[in-house]
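Geometric and topological summary
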Amino acid sequence: MRKIQLERLLTELYDLSEDFWPLGLFMTLMFGVITFLSLSWILKHPPIDTPVSDALAPFKWLRWALPVTFASLTLMFGLRTWSAFRH
């Protein structure tokens, strides 16, 4: 089964960050900035009330998936970078 190219890229960067911690630090900082930007975008633009958004009301939590995903990647790369830096 073929992996998605983005998944392969993240896997390669994650594996490289174990051997080359500055790359992991760069990725951690980059994902941290993207997390902050996506979170500030969500807080700045609340959901609007329209008939369509009322129909999609059960899925309003889905907009939080973007910052949660990037925060998870930040944590994942950060822990790997810290482990590589210490050893």
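Scroll up to find the structure this text is about.
Treat the numbers as computed from the prediction; the structure is a model and nothing was measured.

Side chains that differ in sign of charge can pair as their charged atoms come close. Scanning the model with the defined rule gives two salt bridges in all. Here aspartate 15 ties to arginine 80 by a salt bridge, and the two come within 3.7 Å at their closest N and O atoms. Of this pair, aspartate 15 sits in helix α1 (residues 5-19) while arginine 80 is found in helix α4 (residues 65-86), placing the two residues 65 residues apart along the sequence. Its relative accessible area of 37% is what places aspartate 15 among the partly exposed residues. Ionic pairing is found between glutamate 18 and arginine 80, a salt bridge with its closest N-O pair at 3.2 Å. Placement of the pair is glutamate 18 in helix α1 and arginine 80 in helix α4, with a sequence separation of 62 residues. Classification of glutamate 18 as partly exposed rests on a relative accessible area of 45%.

Conventions and cut-offs
- Residues numbered from 1 in each chain as written.
- Predicted model: local features only at pLDDT ≥ 70, side-chain atom pairs only at ≥ 80, totals over all residues.
- Heavy atoms only, no water.
- Salt bridge = Lys/Arg side-chain N within 4 Å of Asp/Glu carboxyl O.
- Helix = DSSP H or I, 4+ residues; strand = E, 2+ residues; numbered from the N terminus.
- Buried < 20%, exposed > 50% of the residue type's maximum accessible area, 1.4 Å probe, protein only.

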